[in-house]
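Residue-level structure breakdown
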Amino acid sequence: MIRLLVSDVDGTLVRHDRTLAPSTIAAAGRLRAAGVALALVSSRPLAGLDVLLEPLGIDTPRAGFNGGLLCDAEGHVLDELTIPPEACRTAVAALDAAGIDVWVFAGGEWLLRNAQAPYIAREQLSISMGWRVVDDFAPYLHAAHKVMGSSPDIERIARVETSLHAAIGKASAVHRSQDYYIDITHPDANKGRAALAIAQLLGVTPAEMACIGDMPNDLPMLAVAGLGIAMGNAPTIVKTGAHLVVADNDSDGWAEAVTQILAMDAHD
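Chains are numbered independently. Their residues run from 1 in the order of the written sequence. Local features in this predicted model are restricted to residues whose pLDDT is 70 or higher, and side-chain atom pairs enter the listing and the counts only when it is 80 or higher, whereas totals over whole chains, interfaces and linings include all residues. Side-chain measures were taken over the full set of non-hydrogen atoms in the model, leaving aside hydrogen atoms and water.

Regarding a nonpolar patch on the surface
Basically, it comes down to this: The patch calculation keeps residues exceeding 30% relative accessible area without a salt bridge and links them within 9 Å when they carry like charges or within 5 Å when they are nonpolar (Val, Leu, Ile, Met, Phe, Trp, Tyr). Accessible surface is estimated by sampling points in the Shrake-Rupley manner with a 1.4 Å probe; for residues, cover comes only from the protein chains shown. By salt bridge we mean one thing: a side-chain nitrogen of Lys or Arg within 4 Å of a carboxyl oxygen of Asp or Glu. Every helix listed is a DSSP run of H or I at least four residues long, and every strand listed is a run of E at least two residues long, numbered separately from the N terminus.
Residues Leu-78, Leu-201 and Leu-202 make up a contiguous nonpolar surface patch of about 240 Å² in total accessible area. Structurally, Leu-78 can be placed in strand β5 (residues 77-80).

So this is what it looks like as structure tokens:
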């Protein structure tokens, strides 16, 4: 029986325009009515999760930065992982050399150097926080939760992801949260660790937990869940790592997943 659903946000819970479908809001209500908790784990900062709490009726712990920052239901920080400074410097240099725009999330701020870069408006819509232009990231790399690279050149992003894995893969976690984004976080910051921490806080076993996502950075939580669910818009590697595949995030896939979970619970 599933007692907890841990959900990714972008590409999963929200549609491509970053809005919640009416079917998703209704499905969250059906989860509550059935006594199944809902929690969020995302590459977003916590501010980007907080805006979803009220419309979905969420009152559980949550984790941002791919699990690098965990807070309780009231928003108090329970666990915080920042990237080793040398890995930060290597990541920023590699992204710069490849011509990829760099963003740094540190000290509760979103820092960038080029305010005209692609995806800034889209990201601001997603995470509901402002940004600040700085000339140099160096003063902030000693306490960064996430270094992020963004580019519309998807092939370039893929190449740099591979090279960063080779360069700093032991000192940091390198994942793509979207096809056009690279996320660099603390090596222990992953969604599987965060999902397990949330389950423990809620008194739920891994076997009683379902996790749903759409990108490779979601695989660690799909792997630890009793039920791993991939969205229809997920790449093959994510679908292969899931127990169940539903429709895409623009076709009520999240609501379909809830229907499947509740049907399983009713059958049990």
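Now that the structure has been shown, we can carry on.
Overview of the sheet that holds strand β8 (residues 131-133)
Which entries qualify depends on this criterion: DSSP calls a pair of strands paired once it identifies at least 2 bridges connecting them. Every axis corresponds to a line fitted to the C-alpha atoms, with the helix fit spanning only the stretch in contact, and the corresponding angles, defined between N-to-C directions, vary from 0 to 180 degrees. Only heavy atoms enter the contact rule, under which two residues are in contact if any of them lie within 4.5 Å.
With respect to topology, six strands assemble into an open sheet ordered β8-β7-β6-β9-β11-β10, the strand pairing being mixed. Each having just a single partner strand, β8 and β10 (173-178) make up the two edges of the open sheet. Here the average twist between neighbouring strands, direction ignored, is 25°. Here helix α3 (residues 85-97) sits on the sheet in contact with β6 (101-106), β9 (144-150) and β11 (181-185), set at roughly 10° to β9. Lying over the sheet, helix α5 (residues 154-168) contacts β9, β10 and β11, oriented at roughly 160° with respect to β10.

As for the packing of α3 against α5
Keep this limit in mind: Oblique is the label for every angle not falling under 35 degrees (roughly parallel), over 145 degrees (roughly antiparallel), or within 65 to 115 degrees (roughly perpendicular). For any helix crossing, the convention is left-handed if the near helix is rotated counterclockwise from the far helix by under a right angle, and right-handed if that rotation is clockwise. Charged residues are taken to be Asp, Glu, Lys and Arg, nonpolar residues to be Ala, Val, Leu, Ile, Met, Phe, Trp, Tyr, Cys and Pro, and polar residues to be all remaining types, Gly included.
Two numbers describe how α3 lies on α5: the axes approach to 11 Å, and their chain directions differ by 150°. Comparing the axis directions of α3 and α5 gives the class roughly antiparallel. The two elements α3 and α5 meet at a crossing, and its hand is right-handed. Contact with α3, carried on its side by Ala-87, Thr-90, Ala-91, Ala-94 and Leu-95, involves Val-160, Leu-164, Ala-167 and Ile-168 of α5 and no other residues of that element. Here the contact of α3 with α5 is built from residues that sort into eight nonpolar, one polar and no charged.

So, the pattern of salt bridges
Applicable threshold: When accessible area is computed with a 1.4 Å probe and restricted to protein chains, residues below 20% of their type maximum are described as buried, those above 50% as exposed, and intermediate ones as partly exposed.
All told, the structure shown has 13 salt bridges when counted by the stated rule. In this structure, the salt-bridge partner of Glu-109 is Arg-132, at a minimum N-O distance of 2.8 Å. With Glu-109 in strand β7 (residues 109-112) and Arg-132 in strand β8, this residue pair connects regions lying 23 residues apart in the sequence. Using a relative accessible area of 28% as the deciding quantity, one classes Glu-109 as partly exposed. Taking the relative accessible area as the measure of exposure, Arg-132 reaches 34% and is therefore partly exposed. As a salt-bridge pair, Asp-218 and Lys-191 come within 2.6 Å of each other at their nearest N and O atoms. Taken as a pair, Asp-218 in the loop between β12 (209-213) and α7 (219-224) and Lys-191 in helix α6 (residues 191-201) lie far apart in primary sequence, 27 residues in all. No difference in accessibility class separates Asp-218 from Lys-191, as the two residues are buried. Beyond isolated ion pairs, a larger network of salt bridges with shared partners links Asp-8, Lys-191 and Asp-218.

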